[in-house]
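# Coordinates in review
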Amino acid sequence: MSAEKNKAWRNDAHAKVTGRAKFTDDLKFARCLHAAPVYSDYVHAKIIRVVTEDAAKAPGVVKVLTACDVPGTNRFGQIIRDFRIFADDKIRYHGDVVAMVVGETRDLAIRAAALVRVEATPLHAVLDPEEALRPGAVLVHEQHGSNLVNTHRVRRGDIDDGFRQADFVIEENFRTQTIEHAYMEPEVAVSVPRPDGVIEVCGSMQHPFSTRRFVAACLGVPLSEVEVIGTPMGGGFGGKDDTAAIVCARTALAAKLLGRPVKMVYRRDWSIRESYKRHPYRVNYKMGVTKDGHITAVQCKILADGGAYCSVTPWVTWRSTVQCCGPYVVENVHCDTQGVYTNNIVAGAMRGFGSPQMNFVVEQMVEIAAKKVGLFSIEFRRRNMVRQGSVTITGQKLDTHKVAMDEVLDAVLKETGYEEKLAKCSHGKSATDELYGIGLAMSYRGVSLGAEGVDFCAAIINVQPDGSILLEVGVHENGQGAESAMSLLAAQELGVSLGRIRYRRASTSTVPDSGTTVASRGTIMGGGAVTLAARELKQKIAEAVCEKLQCAIADVRFANDRILGRTDGETISFDEAIRQMFQTQRFPHAFGVFRAPRVSWDEHTGQGDAYFTWVYGCQAVELTVNKKTGKVKLLHATAAHDVGRAVNREMVRGQFFGGMAMAAGYGLHEEINSKDGRITNLNLNTYRIPRAMDLPEMTALIVENPDPQSPTGAKALGEPTTEILAPAIANAIYHATGKREFALPIKLSAQPEELPEEECRL
Amino acid sequence: MRLHLNGRELEVAEAVGERRLVEFLRDELDLTGAKNACDIGACGACTILLDDEPMKICIKRVKDVAGHRILTIEGMAAPDGTLHPLQQAFVECGAIQCGFCTPGMVLVAHAFLLKNPRPTRDQIRKAINGNLCRCTGYHQIIDAIEEAAVHYLGATAAAARV
């Protein structure tokens, strides 16, 4: 464990700190056209006609595109193909795009967009997920047959028997809100038709391969005729997977039809109006516990509002289902999860992916239960949490890696002096205006995609004749430092200096489709591929030089830019070895593939080895609540996460701090508000993400237990850091005020000194 | 109309005065370090310094800055490319992730350190409070500003600008 400071290394830091980094909107192309999306004011309506004539005649307008102009398929989706490039049959939410105006300038395109009219028959808007499931409810997608997107379940043990064994049964209802990713760079794309017929796409998205799929299908061309090129991206957080690819596809369509480059730069209000969000959840949770503090049963019902299109709702809610009991061993579990269509804003992937909602529930439930049975909440956790060899609620035995739940918990308790501070909490009473509280939460998390999908990744190492190295990997630079981590891992495995390595500008035409850079899978999957490629390269080099080094291939070692034979034998420089390879007709080129180990899932029973490895995290927060105003001030936050192995230490710390900051916003500030299905806070003045003064000082405790199944030992970090601070805040607020908060974001009013009886819940 | 931009003098036509400053810098001068992320002065990604004071230029016009000293992120490093000590600190402290807020953040910090080279962390928080970052939680940005402060001790505003 360590919190010491090292110097960070990033391949893109110099370009970014000097303003020279070229994000998509910074790229310029001759004769470039500019596009603007057209929305309607409907929330749910049957389209009769999209009237574009007036807009088409407006100054500077080159073309107005609608669904009729799509030569290939207009409908997309990674799971259900219900997303539209342009709304065709119906408008299903307020962010549906009915047309796109292409003009000589962006201003002219925006001006003309207001001239597009939509003739439509309004339909009843279904805005409540429970209403959406009632018999006879208005359907969002008629051809789907119901508003139920998907269900998941866990059936473990005997739920009735589990509750019979319990001395107490606690039941609570929780609600979480819709939140926005609020990446600093709104969606943007530019597509350029090349003389060879290929459409080149640069855009702010984190899934270049699905972008290519969407573009090719929309244009009706093969994948080989679309090249998506990696471009610096101003944040994603899961939010630039689906919708961002559609923005790219729209510009590609216009570029293909008009034979000119077409750029579309989203305004913030368009971005918030159209882009998918984190799912709001309603959770009913019932837990049975014995007097001695063992959880005997959990029954929970999860209702997720997926909004107007499917996006990845089935995958998000699957993770919620698998992790519905948090990091606790429960023998009897009955979980039913439903993802639902409504006419609200679409919900999809967001950093955390279904876990922040459930952890808000579970980490409060265990404290409520601990209080009920009269146990210290940490002791209650210890009696129930997963340990080495434990079997999870889906029947997976945790024995392939170090189960570090107690290690991260102990690290946080020690660092914060938790017990002493807990004794000082106000519990609703204090001499001053400030009520003090400390709170904690912990989680485990399945790494990468798990049984959601096929999970493998490629890397290519191509050493040039002068010994310099080109590296490319099928993971995407979202801003997190993926390219830097990949470069560091390559240099370490090859025993060469970092200065040799140049990360190639990524292209979907050169590296195989390795999936999307989400699910905290970049380092484990990409790093695995890099390491395996480097090992293959070393084998090739060893074969070429072992004769000169007078040793067996297996004895050849790589360190300090040199190739070494036996300890006292001859050595040659890396450059010399590469020269020899070219002279003897061998390419120092290697291709590495890391395939995720086997996972399994039975949809009927909700049992299986859901993820091939797990990470463990614990966070604590200290805060005060002002009795007169209800204002919460965060004083300090501390986190410990087992990352497997920290590849780029300062960037690892950056994930800790950024994740906690996002979770503080989730806990206290952020909420997408809407009225009759129309979002009302469409910019960053009214949608309030945490500012520097909203956040406390933070401590990052990096725990490293290298994973035997990961070629680098590294596991995952991006999402674990953002999934537990909100419940830690809720627990701290309880210790400060004596009151439980069951809804996010937590909004406190003035705290009366004497609590009304009904609010003294426990 | 004259612009004093990054130590250079620039003559621009009067008609340009009505243009949005962020677009003028980005589109006409290819100074794309200033980013446009909200259009209403809410996020700070477009920040420049005007006479050493931060200014959000998505809500300003070219004429608003005529005759004043303008510093954009492109003017922070030395002409030979050597990073300003503040930029160097951003790099070394891990203050950069996606980098979209970085130019504005560096400039706001620069203006602040010119006035206060012995800041507390709370003072730094206050100074950068108008600039949003979604990646870092600000922690390492504050580290970087704290670390760079020593380079501003005893420096006049002009001298601190390499």
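Counting restarts for each chain, with residues numbered from 1 along the sequence as it is written. Labels follow written order: the first chain is A, the first ligand is 1, and so on. Local features in this predicted model are restricted to residues of pLDDT 70 or higher, and side-chain atom pairs are both shown and tallied only at a pLDDT of 80 or more, whereas totals for entire chains, interfaces and linings draw on every residue.

What follows is about the overall build of chain B. The way it works is that DSSP assigns letters per residue, a run of H or I at least four long becomes a helix, a run of E at least two long becomes a strand, and they are numbered from the N terminus. Along the backbone of chain B there are six helices and five strands. The globule rule is 2.2 Å times the number of residues to the power 0.38, and the radius of gyration it is compared with is taken over C-alpha atoms. The C-alpha atoms of chain B give a radius of gyration of 15 Å, which matches the 15 Å a tight globule of 162 residues would have. In terms of principal-axis extent, the alpha carbons of chain B reach across some 45 × 30 × 25 Å. Taken over 162 residues, chain B has a buried fraction of 54%. For chain B, long-range pairs separated by at least 24 residues make up 62% of all intrachain contacts whose partners lie at least 6 apart in sequence. The burial criterion counts other C-beta atoms lying within 10 Å of a residue's C-beta, which is placed from the backbone; the residue is buried at 20 or more, exposed at 12 or fewer, and partly exposed between these limits. Two residues form a contact once the distance between their C-beta atoms, set from the backbone, is within 7 Å.

Looking at where B:Cys133 falls in the secondary structure, it is placed in the loop between helix 4 (121-127) and helix 5 (139-148). Between the alpha carbons of B:Cys133 and B:Thr102 there is a distance of 8.4 Å; along the sequence they are 31 residues apart.

On the side of chain A, 45 residues touch chain B, which itself brings 40 residues to the contact. Every element with two or more residues in the side of chain B that touches chain A is listed here: helix 2 (85-92), helix 3 (102-115), helix 4 and helix 5 of chain B. Only Asp, Glu, Lys and Arg are considered charged, only Ala, Val, Leu, Ile, Met, Phe, Trp, Tyr, Cys and Pro nonpolar, and every remaining residue, Gly among them, polar. Of the residues in the side of chain B that touches chain A, the class split is 22 nonpolar, 12 polar and six charged.

Of the residues in chain B, 95% reach a pLDDT of 70 or more, and the chain-wide mean stands at 95. Listed scores for the predicted complex are pTM 0.96 and ipTM 0.97. On a range of 0 to 100, pLDDT expresses the predictor's confidence in each residue.

The next point concerns the sheet that holds strand 18 (residues 434-446) of chain A. Residues and elements named next belong to chain A. Spatially, the four strands line up as an open sheet ordered 18-26-27-30, and their pairing is mixed. Both outer strands of the open sheet, strand 18 and strand 30 (697-703), are each paired with one neighbouring strand and no more. Along the sheet, successive strands turn relative to each other by an average axial angle of 10 degrees, direction set aside. When strand 27 (residues 632-642) meets strand 30, the two strands line up parallel, connected through seven bridges. The residue of strand 30 that forms the bridge with alanine 640 is leucine 701. In short, DSSP must find at least two bridges between two strands for them to pair. Only the stretch in contact is used when a helix axis is fitted, and all axes are lines through C-alpha atoms; the angle between N-to-C directions ranges over 0 to 180 degrees.

Before going further, it helps to spend a moment on the packing of helix 15 (residues 522-549) of chain A against helix 16 (residues 574-583) of chain A. Residue and element names in this part refer to chain A. Contact geometry of helix 15 with helix 16 gives a least axis separation of 10 Å together with a crossing angle of 85 degrees. What the angle tells us is that helix 15 and helix 16 run roughly perpendicular. Mapping the contact onto sequence places Ile541, Ala544 and Val545 in helix 15 and Ala577, Gln580 and Met581 in helix 16. With respect to orientation, any angle under 35 degrees is reported as roughly parallel, any angle over 145 as roughly antiparallel, any angle of 65 to 115 as roughly perpendicular, and every other angle as oblique.

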